[in-house]
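Per-entry structural report
Chain by chain, the residues:
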Protein chains: 4
Amino acid sequence: MGSVKTKRMPRAVRERQMLDAAVQTFGQRGYAAASMDEIAELAGVSKPLVYLYLNSKDELFTACIRREAAALTDAVRAGVRPGLGADRQLWEGLRAFFTHTAQNPDGWSILHLQARTHGETFAAEVSAMRKEIVALVTRLIAVAARDGGSPCSNEGGEPGDHPGSDLPEREAAGLAEALVGAAESLAAWANATPGVSARQAATTLMNFAWAGLGDLMEGRSWSPPEPDRP
Amino acid sequence: MGSVKTKRMPRAVRERQMLDAAVQTFGQRGYAAASMDEIAELAGVSKPLVYLYLNSKDELFTACIRREAAALTDAVRAGVRPGLGADRQLWEGLRAFFTHTAQNPDGWSILHLQARTHGETFAAEVSAMRKEIVALVTRLIAVAARDGGSPCSNEGGEPGDHPGSDLPEREAAGLAEALVGAAESLAAWANATPGVSARQAATTLMNFAWAGLGDLMEGRSWSPPEPDRP
Amino acid sequence: MGSVKTKRMPRAVRERQMLDAAVQTFGQRGYAAASMDEIAELAGVSKPLVYLYLNSKDELFTACIRREAAALTDAVRAGVRPGLGADRQLWEGLRAFFTHTAQNPDGWSILHLQARTHGETFAAEVSAMRKEIVALVTRLIAVAARDGGSPCSNEGGEPGDHPGSDLPEREAAGLAEALVGAAESLAAWANATPGVSARQAATTLMNFAWAGLGDLMEGRSWSPPEPDRP
Amino acid sequence: MGSVKTKRMPRAVRERQMLDAAVQTFGQRGYAAASMDEIAELAGVSKPLVYLYLNSKDELFTACIRREAAALTDAVRAGVRPGLGADRQLWEGLRAFFTHTAQNPDGWSILHLQARTHGETFAAEVSAMRKEIVALVTRLIAVAARDGGSPCSNEGGEPGDHPGSDLPEREAAGLAEALVGAAESLAAWANATPGVSARQAATTLMNFAWAGLGDLMEGRSWSPPEPDRP
DNA sequence: AATGAATGAGTCTTCATTCAT
DNA sequence: GATGAATGAAGACTCATTCAT
């Protein structure tokens with residue numbers, strides 16, 4: 001059904017078809033609710049062939065996760081070119097992220113939702129990728145903080161203008177985590193809200209985040225009220 | 001096993017035991033992987049009784065979602081008391097959120113992960129709650145924008161200082177979405193990182209978000225570079 | 001089919017029915033060729049019930065082996081009453097053995113054939129039983145050897161007549177092994193040859209074995225020709 | 001893997017390789033548990049080739065049985081040379097038997113265990129071979145009985161010494177059956193017990209059997225006690 | 001109010017077997 | 001002479017769900 005039932009194709013091609021079908025099915029139904037029968041039919045293949053090539057439901061799912069994770073990180077990394085200023089890098093990275101997730105909703109569902117809900121093994125697989133991205137963002141934030149790059153400016157900012165407040169390690173990690181979380185959430189929102197483009201989602205997030213980061217680095221920070229009983 | 005097998009308890013009590021067991025099981029295993037057998041055993045009841053009271057797996061899951069959603073929104077709303085300044089309201093809301101999710105990891109897992117991965121019906125249930133919270137946050141943002149509340153200040157800010165730039169409807173929604181997403185992400189991070197308290201998570205998020213919102217309302221916004229080909 | 005489909009029976013009864021059906025099916029088809037479907041149907045039960053009570057094909061098979069092994073050893077031991085002379089004991093044991101195997105061909109098939117051909121685990125289960133019987137026979141032989149019981153006589157033999165040649169340990173074990181093997185083989189033969197009763201099979205084996213043992217103990221033994229090069 | 005993958009070999013050779021692989025696999029795993037995949041891989045051939053040469057799993061198994069049965073009977077017959085005395089013939093036959101089974105454990109497993117547990121068709125195949133051997137032994141016993149060969153003597157015995165009690169047909173058959181069964185059992189025992197050679201196994205059995213036969217032929221026979229009610 | 005007994009339907013997985021080249 | 005590609009059929013096992021008591 002999923003594709004014209006052409007027989008006798010080289011293994012590599014068939015394997016790709018199967019992964020495509022699997023990503024779609026897992027992404028829409030979830031790991032447990034997806035049946036191997038359904039995947040096989042969608043791939044235009046008999047079930048035994050799926051097993052011959054991919055061994056088990058577990059391995060098939062893992063293969064999906066790996067493929068989609070690689071595709072996503074590749075896309076993001078392709079955006080973040082080291083030559084640019086920190087804000088520009090972040091902007092491009094976000095844009096790549098929103099574009100990719102918008103174009104691969106099933107893959108994104110696998111990474112963002114499905115893999116996290118079905119056993120530590122799968123979750124760990126995604127965790128690795130997420131950590132990589134969080135680290136990348138953390139680095140960008142740290143660079144911005146060091147350069148003191150007035151992040152409100154569009155340009156990279158003349159380095160050395162302000163010394164930049166060295167953000168504590170964990171603080172930066174927390175910020176990166178928040179930013180990535182915000183991005184993940186916006187991705188879903190953008191996909192679900194008609195008329196919101198990847199560009200717009202990225203802009204919203206940049207506005208939200210970069211200004212806050214700027215203030216932070218310049219020492220203007222929000223501090224909580226006295227802990228309950230003064 | 002789950003509890004001492006006391007016979008003949010009033011229905012309300014039994015029902016609570018079942019929901020407790022169900023939340024725990026669904027939260028940890030996921031909807032599909034959780035078995036009615038396991039839930040019944042954990043509740044210390046026979047399976048037919050679970051069906052007698054809650055009719056089906058679907059309804060049981062829905063009941064869990066509703067209960068946990070109500071508990072979470074109640075907790076958050078209890079924090080956000082209308083009398084305070086917008087920033088203080090946001091701060092208290094976030095603190096309540098992080099505290100509640102830290103204390104109810106299984107319930108949070110159901111709302112954040114499980115319900116979203118198993119069919120539109122369940123997702124819609126959570127969506128309703130989420131929208132409520134996003135609306136609440138959107139309102140806070142709008143208020144701050146109108147009041148022009150320099151959100152950097154700890155206090156509500158003297159209203160009327162600046163007129164406040166009316167944020168476009170969708171922009172506000174996007175920001176709220178981002179903020180909620182960031183909060184969700186930080187909740188997981190705080191739960192998983194030893195030594196990060198609900199207070200700290202809330203502070204991090206306030207720092208991240210409030211300044212950005214402030215800049216935004218004062219017209220200082222980040223704008224994207226020329227769309228590739230001018 | 002196997003029995004009138006009466007519903008709602010106490011667990012113990014149903015379990016017996018299942019074991020009966022399993023012994024019959026495993027005994028006739030072999031472990032691998034027997035299907036759980038077939039067993040369930042023969043037992044007049046649905047497959048899930050078989051799994052509920054007996055957990056898995058492996059455990060079901062093991063349960064069959066244990067039950068049949070116990071039944072066989074019980075039968076043999078009931079025959080071999082310690083009060084009698086060694087030859088009489090052997091005779092009664094053999095008769096019990098041939099009688100039991102003739103009446104329980106499926107059980108005997110499981111012990112003698114099926115269990116030995118499907119994995120060490122099952123084989124070990126039977127091995128234990130077989131060792132027990134071989135030990136019992138070995139003991140009888142040793143007693144006869146000590147008493148010097150002229151085994152040709154019908155009576156227990158006046159003990160002390162001849163001192164009896166202490167057979168070497170391994171020699172006795174080999175003899176016992178041979179005797180048990182001969183018995184096993186004769187059991188099949190008796191079952192397959194119409195008109196051969198358990199009594200006759202036992203008599204044939206006693207004639208075959210007892211005299212040889214007697215000669216052996218009295219020192220008259222057959223010795224092999226010169227090893228190859230005369 | 002099973003052998004260096006040399007291409008384009010004459011059919012006879014390939015067929016032998018396949019049978020070798022099949023005997024090994026069937027012997028160790030049993031008919032049902034052995035997979036054609038495994039056999040093909042072990043033979044270093046693709047599966048279709050196995051089918052091209054041997055048609056089906058059934059036929060392949062049958063071919064194994066036939067080959068191994070022929071090898072075993074050939075070996076035994078080569079030992080039993082008609083010129084010798086009956087006891088010597090038996091001795092040589094047994095020695096050949098134990099030697100061959102020790103050297104071809106997989107083939108022996110097929111004949112002794114596997115073929116008997118998987119359907120009448122296969123069992124019949126082995127049965128034929130077994131009958132041949134039992135007949136051979138029966139003949140030896142009959143000859144010994146006629147010659148009155150005091151079977152305790154090492155030599156053929158002077159014919160005509162005692163007239164020899166004509167053993168009833170069935171009696172002889174039963175004895176032969178017992179002897180063959182004992183041999184089969186001892187073969188397994190010898191294979192499993194380190195330090196027991198084919199020679200020793202044969203000696204043990206000769207001691208066990210020949211003396212008994214001797215007594216029998218000289219009229220000294222064991223007779224059962226009165227049938228229950230004296 | 002509560003449960004032991006029971007099952008229909010479906011899922012993952014494997015295997016003997018065949019084409020097309 | 002030989003194989004990579006492919007499948008129909010079947011089997012072990014599980015689960016949500018219901019009776020009869």
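Residues numbered from 1 in each chain as written. Chains lettered and ligands numbered in written order. Predicted model: local features only at pLDDT ≥ 70, side-chain atom pairs only at ≥ 80, totals over all residues. Heavy atoms only, no water.

**Section: the overall build of chain A**
Secondary structure summary: chain A contains nine helices and zero strands in total. The N-to-C order of helical and strand elements in chain A reads α-α-α-α-α-α-α-α-α. Taken over 230 residues, chain A has a buried fraction of 50%. Taken as a whole, chain A presents about 10700 Å² of accessible surface, with 54% of it coming from carbon and sulfur. (Helix = DSSP H or I, 4+ residues; strand = E, 2+ residues; numbered from the N terminus. Buried < 20%, exposed > 50% of the residue type's maximum accessible area, 1.4 Å probe, protein only. Areas by Shrake-Rupley, 256 points an atom, 1.4 Å probe, with all protein chains shown as cover.)

**Details of the interface of chain B and chain A**
Reports often express the size of an interface as the amount of accessible area lost when the parts come together. Counting residues at the interface gives 55 residues for chain B, matched by 55 residues for chain A. Between chain B and chain A, roughly 4500 Å² of surface is buried when both sides are summed, and carbon and sulfur atoms account for 61% of that area. Summed over the three residues of chain B that lose the most area to chain A, namely Asn-207, Phe-208 and Trp-222 of chain B, the buried surface amounts to 19% of that side. Where chain B packs against chain A, one counts zero salt bridges. Taken together, the links from chain B to chain A amount to four residue pairs in polar contact (both at pLDDT 80 or more). Of all elements in the fold, only α5 (86-103), α6 (105-114), α8 (169-192) and α9 (198-217) of chain B reach the threshold of two or more residues within the side of chain B that touches chain A. (Contact = heavy atoms within 4.5 Å. Buried area = accessible area lost by both parts, 1.4 Å probe. Salt bridge = Lys/Arg side-chain N within 4 Å of Asp/Glu carboxyl O. Polar contact = N/O pair within 3.5 Å; in protein donor to acceptor, adjacent residues only side chain to side chain.)

**Description of the interface of chain D and chain C**
At the junction of the two partners, chain D supplies 55 residues and chain C supplies 56 residues. Summed over both partners, the interface of chain D with chain C buries about 4500 Å², with 61% contributed by carbon and sulfur atoms. Considering only the side of chain D, the residues that lose the most area to chain C are Asn-207, Phe-208 and Trp-222 of chain D, jointly responsible for 19% of the buried surface there. The interface formed by chain D and chain C contains zero salt bridges. Across the contact surface, chain D and chain C share four residue pairs in polar contact (both at pLDDT 80 or more). Secondary structure elements with two or more residues in the side of chain D that touches chain C: α5 (86-103), α6 (105-114), α8 (169-192) and α9 (198-217) of chain D.

**Section: helix α1 (residues 11-29) of chain A**
Residues and elements named next belong to chain A. Here α1 is 19 residues long and its end C-alpha atoms lie 26 Å apart, about the 27 Å a rise of 1.5 Å per residue gives. Looking at α1, one finds that the buried residues are Arg-14, Met-18, Leu-19, Ala-21, Ala-22, Val-23, Thr-25, Phe-26 and Gly-27. Residues of α1 that are buried in the fold lie against α2 (36-43), α3 (47-54), α4 (57-79) and α6 (105-114). One or two steps after α1, the chain reaches Gly-30, where phi turns positive at roughly 95°. (Expected span 1.5 Å × (residues − 1).)

**Thoughts on the protein's contact with DNA strand F**
In the region of DNA strand F, 36 residues are neighbours, and Arg-8, Arg-14 and Pro-48 of chain A, Lys-47 of chain B together with Lys-47 of chain C sit closest. Each atom of DNA strand F within 4 Å of the protein was assigned to sugar, phosphate or base; sugar and phosphate come to 51%. Within the contact set of DNA strand F, a phosphate oxygen lies 3.1 Å away from a side-chain nitrogen or oxygen of Tyr-51 of chain B. When grouped by side-chain class, the residues that make up the surface near DNA strand F number 18 nonpolar, six polar and 12 charged. (Near = heavy atom within 4 Å. Nonpolar A, V, L, I, M, F, W, Y, C, P; charged D, E, K, R; others polar.)

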